[in-house]
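Summary of the model geometry
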Amino acid sequence: MIDLRANGYHLGNLLAAPPKLDDAIDGICVTMTITLKGYKLATGELVELFFKGRRVFYGHVRRRKFGADGMADYTLYDPLFLLKNEDDYYFKNQTLTQAYTRLLKEAGIPVGKIANTKVVLPQLWYRATDGSKCLTDMIARQKRLNNKIYYPRFNPETASADLVELVIPNELWAFQVGVNLTSATYEEDATAVASTVKLVNRETGKSVVKVNAASEKKYGKLQKLIEVDKEAANQMESMATSELAKVSRVGFTASAEGINPGTMPIFRSADLVYVEEKYTGLLGGYHIRNVSQAFVDDELIQVGVDIQKTAFVPDIQVTDATSDPDKKESKPIELDSKLKGVNYTSGWKATAYAPALGGINGSGTGLTASSTKVVEGRTIAVDPDVIPLGSVVAVYVSGAKEYSGIYLAEDTGGAIKGKKIDVAVVASKAMAFGVKTVQVAVLQKGKGRADARDKASKWSSIEDTWTKKLQRLADEAADKPSGASKSTRENVVDIARSFKGKLSYSWGGKTITNGKGDCSGFTAYCYKKVGVNLGHGTMTQITRGTPVSKEQAQPGDVVFFKGTIPERGPNGVSHVGIVTGNGKCVSLASTGGCHEHSYVSGYWGSHFLQIRRVL
């Protein structure tokens, strides 16, 4: 009799069909389906399957269906299902081993044997993503770093989660005709085969074409067109070669069915098996993609597998995971506007001149005092005693932004003295320019006429370099925290994080140093340590400081939640925490104690009220 148990009760005599285990390579957990006659299991109930004295499945009821004939169908999932927990995840330079262990602990899954993956992954941000998708993404990134493949597995014997490395064994379990193979299929599909790949960049107009002559001769001319962005333009040759290799291959699917008399192991996806069947041509070792195993009795398992020649490697799931989602997107600077991060000086006067009208000295040659050619939009005339020739200068003209920008001090004249400049413009605009009050900043001090000539000869590169420098200055100015110093914010966050996992919740409790307290007592204590009196109680603390949006939130801000205390109503403030960054905060809650959690998604995201700045 099949040994099936639910909370210690034996249900084998109630089975209407063999229990079946299914494991798919692109799934996160093993599922079991069972049909019972005249017996109802509760959703969430623990069920175990034993075979020859070994526990081969451990999971909980998550789907059930009842029929009028008294039959009840159940689908059960092993605990790795809990990795589908959605949250904001941030992994700072961790190995796959460390990241997987953290995911397991946060999901409440016991940690078993975890392979040491050793290689450190880059910083990864996952916003509002389920943990299983994060894990798959990290497995794919791990493979790219050291060419090793790892798979998460729940071990029913130990009731804990493992991480195993794919290793090719010296010997394989075999399915052979006349022994234990009952059927096999092999199917080829050439409908997706292409003989030509064409990559096109619409912005630059560049295209790359690669042709597989052998494939074209055999299957005819069929082209695949791929559009690439500007950033990938330099990699189009290698990308086309790689893509052609993929589309030239004939796709195939293969499957096998056989009998496990109890002498073989319970198979899992990614395991390797040997299959031998002459007519289909299946011969050799294959990786299991999907496996289904029906337990007919306590001596026999019917096995069905989908197989492939190469190991399954998941694709990267979150392409932008290496980008900080909370970092403000860089806003391109406008050179014809006042530049952020530049220290302008006021009190300057500007006039305009044009070589076609005689220039500063009336020579009409179009040459500057540095013997360079006057170029509108680049050349300015200065007093060399105030701004040395060869200087790179930022000019801001309020009310006439078309004249604002970066200039080269390469000319001078008898009337250009002190805080005055002459801007080279086209002749039609010279008279209308008049005299304007401007602001000036010397970005790079020049070394004289020779320096001006040198810079004029490579002005395009110099202007590009300064544009990038000014972009960084603008970004730094935009990212600079307002109010309190960064160190004060870091201090309060460090204090809050130091209590993670060390405090228990006590309503109205303020004795944080004794290991217990409530949410507002915790925040009051942390801010008092940096010299801020936040007051006691969430209804008092929410009156402190000024409100800011989620997008403006900075570490050290205070975040409030609503609707978690029924007596205060759905919109009444009921919980408080300290913002730590990346959409997360630290708080002391009745469930979980002092811990770090998201305030933009999940349970707390649904109860978010507002953020206030008190530093």
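Details of the structure are given in the entry above.
A brief look at the structure comes next. (Residues numbered from 1 in each chain as written. Predicted model: local features only at pLDDT ≥ 70, side-chain atom pairs only at ≥ 80, totals over all residues. Heavy atoms only, no water.)

1. Things to note about the overall build of the protein
Here is the rule: Note on conventions: DSSP H or I runs of at least 4 residues are helices, E runs of at least 2 residues are strands, and numbering of each starts at the N terminus. To get the radius of gyration, use the C-alpha atoms; to get the globule rule, take the number of residues to the power 0.38 and multiply by 2.2 Å. What makes two residues a contact is simply this: any of their non-hydrogen atoms within 4.5 Å. Accessible surface is estimated by sampling points in the Shrake-Rupley manner with a 1.4 Å probe; for residues, cover comes only from the protein chains shown. His is not counted here, nor are the chain ends, while Lys and Arg score as positive and Asp and Glu score as negative. Where a charge sits is defined by one atom per residue type, namely NZ (Lys), CZ (Arg), CG (Asp) or CD (Glu).
If you tally the helices and strands in the protein, you get 11 helices and 35 strands. For the protein, the C-alpha radius of gyration of 35 Å lies well beyond 25 Å, the compact-globule estimate for 615 residues. In terms of its C-alpha atoms, the protein occupies a principal-axis envelope of roughly 110 × 80 × 45 Å. Across the protein, every contact between residues at least 6 apart in sequence was considered, and the portion connecting residues at least 24 apart equals 67%. On the protein, roughly 31200 Å² of surface is accessible, and the fraction owed to carbon and sulfur atoms is 49%. Seen as two clouds, the 79 positive and the 65 negative side-chain charges of the protein have centres 7 Å apart.

2. Topic: empty space enclosed by the protein
Any empty space left between atoms is shown by rolling a water-sized probe over those atoms. Threshold: Residues are said to line a cavity or pocket when one of their atoms sits within 4 Å of a point; the points come from a 1 Å grid over protein atoms alone, cavities being sets where a 1.4 Å probe fits but cannot get out and pockets being open sets with protein on both sides within 12 Å along at least five of seven lines. Grid points are joined across faces, edges and corners, and a volume is the space filled by probe spheres set on the points.
Using the criterion set out here, one finds 2 cavities of 30 Å³ or more in the structure. Of the voids in this model, the second largest cavity is the one considered here, and its volume is about 30 Å³. Lining the second largest cavity, in full, are L82, L83, N85, Y89, L103, E106, A107 and G131. Ranked by residue count, the leading element in the lining of the second largest cavity is helix α1 (residues 96–107), at 3 residues.

3. Some details on the sheet that holds strand β25 (residues 405–411)
How we decide: Two strands pair under a simple rule: DSSP has to find at least two bridges between them. With axes taken as lines fitted to C-alpha atoms, and helix axes fitted only over the stretch in contact, angles between N-to-C directions fall between 0 and 180 degrees.
An order of β22-β26-β23-β25-β24-β27 is seen for the 6 strands of this closed barrel, with the pairing classed as mixed. Strand-to-strand twist across the sheet, computed as the mean angle between neighbouring axes with direction ignored, equals 50°. One ladder, built from 4 bridges, connects strand β24 (residues 392–396) with β25; its direction is antiparallel. Its bridge partner lying in β25, A394 is registered against I406. Lying on the sheet, helix α6 (residues 449–457) is in contact with β24, β25 and β27 (436–444); it crosses β25 at an angle near 135°.

4. Some remarks on unusual backbone geometry
Applicable threshold: Using a 1.4 Å probe on the protein chains alone, a residue whose accessible area is under 20% of its type maximum counts as buried, one over 50% counts as exposed, and one in between counts as partly exposed.
Its identity is not glycine, yet K52 carries a phi of approximately 55°, on the positive side. Along the chain, K52 falls in the loop between β5 (46–51) and β6 (54–66). A residue is classified by how much of its surface remains accessible, and K52, at 45% relative accessible area, is partly exposed. Of note, the phi angle at N147 is positive, near 65°, even though the residue is not glycine. Along the chain, N147 turns up in the loop between α2 (131–146) and β11 (150–155).

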